[in-house]
2 protein chains.
Amino acid sequence: MPSPAVETQSPGFPTVAVVGGGQLARMLVPPAVALGVHLRVLAEDAADSAALVAAHAVGRADDEAAVRAVADGAAVVTFDHEHVPQPLLAALEADGLAVRPGAAALLHAQDKLAMRRRLAALDVPVPAWAEVGDVTALDDFVAAHEGGAVLKTPRGGYDGKGVLVVRDGDAEARATAASWFERAGGAPLLVEELVPFTRELAVLLARSPSGQAALWPVVETVQEAGVCREVLAPAPGLDDDLAGEAAHVALRVAGELGVTGVLAVEGFEVPGPHGPRFLVNELAMRPHNSGHWTIDGSTTSQFEQHLRAVLDLPLGDTRARTRWTVMANVLGGEHPDLYRAYLHVMARDPGVKVHLYGKAVRPGRKIGHVTVSGDDPDGLDALRERARHAADYITGTVTE
Amino acid sequence: MPSPAVETQSPGFPTVAVVGGGQLARMLVPPAVALGVHLRVLAEDAADSAALVAAHAVGRADDEAAVRAVADGAAVVTFDHEHVPQPLLAALEADGLAVRPGAAALLHAQDKLAMRRRLAALDVPVPAWAEVGDVTALDDFVAAHEGGAVLKTPRGGYDGKGVLVVRDGDAEARATAASWFERAGGAPLLVEELVPFTRELAVLLARSPSGQAALWPVVETVQEAGVCREVLAPAPGLDDDLAGEAAHVALRVAGELGVTGVLAVEGFEVPGPHGPRFLVNELAMRPHNSGHWTIDGSTTSQFEQHLRAVLDLPLGDTRARTRWTVMANVLGGEHPDLYRAYLHVMARDPGVKVHLYGKAVRPGRKIGHVTVSGDDPDGLDALRERARHAADYITGTVTE
């Protein structure tokens, strides 16, 4: 069948080119349909999540010709992931294309060392960190931080990949670290203290080229084995001052780095002598897993807001629609047939919202998410139970 | 660019074929993306609203080969409109295709006389009506109904088309009626009393082939010149008994007619000696304008529910997310450039949800809708003002 036709849109409506065809690009489709803006996706494979449901071209994110083809005639270029090389981004900008976020901002989501250096220069609270070039330097850092350390490759890590916990005297971790240094070929790696956090928080906002910014309520993220399993919106029992501090930090980072589009600031709540504090851990400059709850739970979803922000449209209301929304990720399990499982989930709980990404099932892979919402102030635990059960049933780790 | 690829979906996930490429088919796209089911649309034109955003073929709804091509391999066939001929529907069913709603049910949404006869047989409360074959019979009906009458062509009318108000002594209306009878070539037309209604209500529900049914709250619809301008959800101040009666009638009609998918029952609230009553006016067996508020206002939108119903998936929770949701239709105005107007609307009111259909602007044509929601029990008027202002600003009838 023929493709959706760009040329026949109402006059004046822009096209947004998205580099990368994963679930984040896929979830831009519903708000693009509502807003009447056109999406065009560059996917590595025609079976990619977004390519199944959007006009797309097939090509790599580091292939200049492929990126230029998808950007041709688009009002803006934006991203499903951080893996577009800086020289390519710079070349697009040099040609006058609106790249959002821009190369200079995106660097800080591509390179953890660049991010740490910049945040340090801004006096943003972060965990203790250092650049280390060999195992000896790593040993020194570990010896100085009793709680242990975590070694990170500056680029390419996600969902627990490219991250190595190193404790004093752990020979196996030390050997792995040595192989990472060798592979880095002299380039420094990032080492950080293992933060004794109370919990993990995320601040999500969107910022437009005009400088308008809007934040969603701060959420709590629950990770298992380095993978986000659950998001509680808003973070329950969050200290007001801490919420304010986290919002302030996120807005400052967005402004100082010149971010356009959605910015996710992931961090740690840590105890302190004068009350809890917020330490920034990671930045992502695109819609983010910690914001999937906004599709069902906020007046404006992060996907709609990302489109509005990169197009420099006025931003939407970010208020939560209900007291609580819980999001649980659906990870791939052993059985490939999701359809029967999700039929069961719908029958058991008519209030659960199921979002699947059209991805082939592989164990541990994020293949969807579910949300449940409710207004009972004391109902958070019940919502968590419902969300986790639905997610785990689709995964196949629970069967009744 | 190549089309979305059906074949690479996760195993077990069905394809829904939709005959008709208007905004109703378009608004099926977002829930299809979330559910992971695939949509395939038969549009009359590649520039049709749904064809801009979904895999599609171009062809007419009465072209058997075109309909069969789009249905090939689909789990079910469903509809954006009622204009598929009965013989074609019957042929598809004879071949074992799952046509939802089925031909026998859909007849009552295609032919107002068939609908009136069936509802009368079911003792469903309807306005006084008759089949009339000539102006003399029309005169008799008008003379017997002091409030006046409305003549309707049994097929093809919508948004005030195919509807003629006739009052005693109105020579012009009588002449128009004469031309309608001539065009009908002896086939009877429908005449009804002009109902002295308090207001117009609509009951929306979905019913699955398994017989599961779920209703949304009853809404009030506000029409101007035969076109729906505004929907208030739920209908304010609705009498509890009346709400129960309307729900009962709608469920009974859905069950007796064997409707699958969304059913909209439009009717009148009329005063009565024992309290207000509900008279059924029209039936639509597809997502309906009176249910657009559910996209933003209900846990399960009518578009998601229609997909779930026709696929015989368990139905979702139909509760309202907030106390009130107001929907206002955006009609085409004089200026073709909607983008600047909607930018202004977004800037003025971050809480308004704008939905545009990608349709070329023609005066009076439904080209989008807006919704606003709120929890203040006394806030309905303010929401109505916001929704109407946003809709009228995009239309161009207000400019500040």
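Residues numbered from 1 in each chain as written. Chains lettered and ligands numbered in written order. Predicted model: local features only at pLDDT ≥ 70, side-chain atom pairs only at ≥ 80, totals over all residues. Heavy atoms only, no water.

Observations concerning the pairing of strand 4 (residues 76-79) of chain B
If a strand is regular, its side chains alternate between the two faces of the sheet. All names here are of chain B. Where burial is concerned, the two faces of strand 4 agree: the one with Val-76 and Thr-78 and the one with Val-77 and Phe-79 are both buried. Here strand 1 (residues 15-19) pairs with strand 4 via four bridges, running parallel. The residue of strand 4 that forms the bridge with Val-19 is Phe-79. (Buried < 20%, exposed > 50% of the residue type's maximum accessible area, 1.4 Å probe, protein only. Helix = DSSP H or I, 4+ residues; strand = E, 2+ residues; numbered from the N terminus. Pairing = 2+ DSSP bridges.)

Focus on the UniProt feature "binding site: ATP" (unreviewed entry) in chain A
All names here are of chain A. The UniProt record annotates "binding site: ATP" (unreviewed entry) at Lys-112, Lys-152, Glu-192, Glu-193, Leu-194, Val-195, Glu-200, Asn-281 and Glu-282. Along the chain, the position of Glu-192 falls in strand 8 (residues 189-193). With a relative accessible area of 2%, Glu-192 lands in the buried category. Beyond its immediate chain neighbours, meaning those up to four positions away, Glu-192 contacts Arg-116, Ala-128, Trp-129, Phe-141, Gly-148, Ala-149, Val-150, Lys-152 and Asn-281. With respect to the helices and strands, Leu-194 occurs in the loop between strand 8 and strand 9 (199-207). Contacts of Leu-194, omitting those with residues within four sequence positions, involve Gly-147, Gly-148, Ala-149, Val-150, Val-165 and Arg-167. (UniProt positions renumbered as here; feature names shortened; annotations may be inferred. Contact = heavy atoms within 4.5 Å.)

Thoughts on the pattern of salt bridges
Residues and elements named next belong to chain B. In this structure the tally under the stated criterion is 46 salt bridges over all chains. Across the pair Glu-192 and Arg-116 runs a salt bridge, and its minimum N-O distance is 2.5 Å. Note that Glu-192 is positioned in strand 8 (residues 189-193) and Arg-116 in helix 6 (residues 112-121), a separation of 76 residues in sequence. Note on accessibility: Glu-192 and Arg-116 belong to one class, buried. (Salt bridge = Lys/Arg side-chain N within 4 Å of Asp/Glu carboxyl O.)

Observations regarding the sheet that holds strand 5 (residues 129-132) of chain B
Residues and elements named next belong to chain B. Overall, antiparallel pairing links the four strands, which are arranged 5-8-6-7 in an open sheet. Single-partner strands in this sheet number two, and they are strand 5 and strand 7 (163-166). Direction aside, neighbouring strands of the sheet carry axes that sit 25° apart on average. By the bridge criterion, four bridges tie strand 6 (residues 149-152) to strand 7 in an arrangement that is antiparallel. Paired with Val-150 across the two strands is Val-165, which belongs to strand 7. Sheet strands touched by helix 6: strand 5, strand 6 and strand 8. Its angle to strand 5, the strand with the most contacts, is close to 135°. (Axes fitted to C-alpha atoms, helices over the stretch in contact; angles between N-to-C directions.)

A look at the environment of Gly-275 of chain A
Residue and element names in this part refer to chain A. As for its position among the elements, Gly-275 is in the loop between strand 13 (261-270) and strand 14 (277-284). Residue classification places Gly-275 among the partly exposed residues on the basis of a relative accessible area of 25%. Sequence-wise, Gly-275 and Asp-241 are 34 residues apart; in three dimensions their C-alpha atoms are separated by 8.6 Å.

Some thoughts on the confidence of the model for chain A
On average, residues of chain A score 94 in pLDDT, and 96% of them are at 70 or above. The low-confidence segment residues 1-8 of chain A, where pLDDT is below 50, has 29 contacts with residues more than four positions distant or belonging to other chains. (pLDDT = per-residue confidence, 0-100.)

Quick notes on the side chain of Asp-349 of chain A
All names here are of chain A. Along the chain, Asp-349 turns up in the loop between helix 12 (338-348) and strand 16 (353-356). Accessibility expressed as a relative area gives 11% for Asp-349, which makes it buried. When near neighbours in sequence (up to four residues on either side) are disregarded, Asp-349 contacts Val-372 and Arg-386.

Description of helix 5 (residues 103-110) of chain A
Of all eight residues in helix 5 of chain A, six are buried; the element is thus mostly enclosed. Considering only its buried residues, helix 5 of chain A is in contact with strand 4 (76-79), helix 4 (86-94), helix 6 (112-121), helix 9 (240-257) and strand 14 of chain A.

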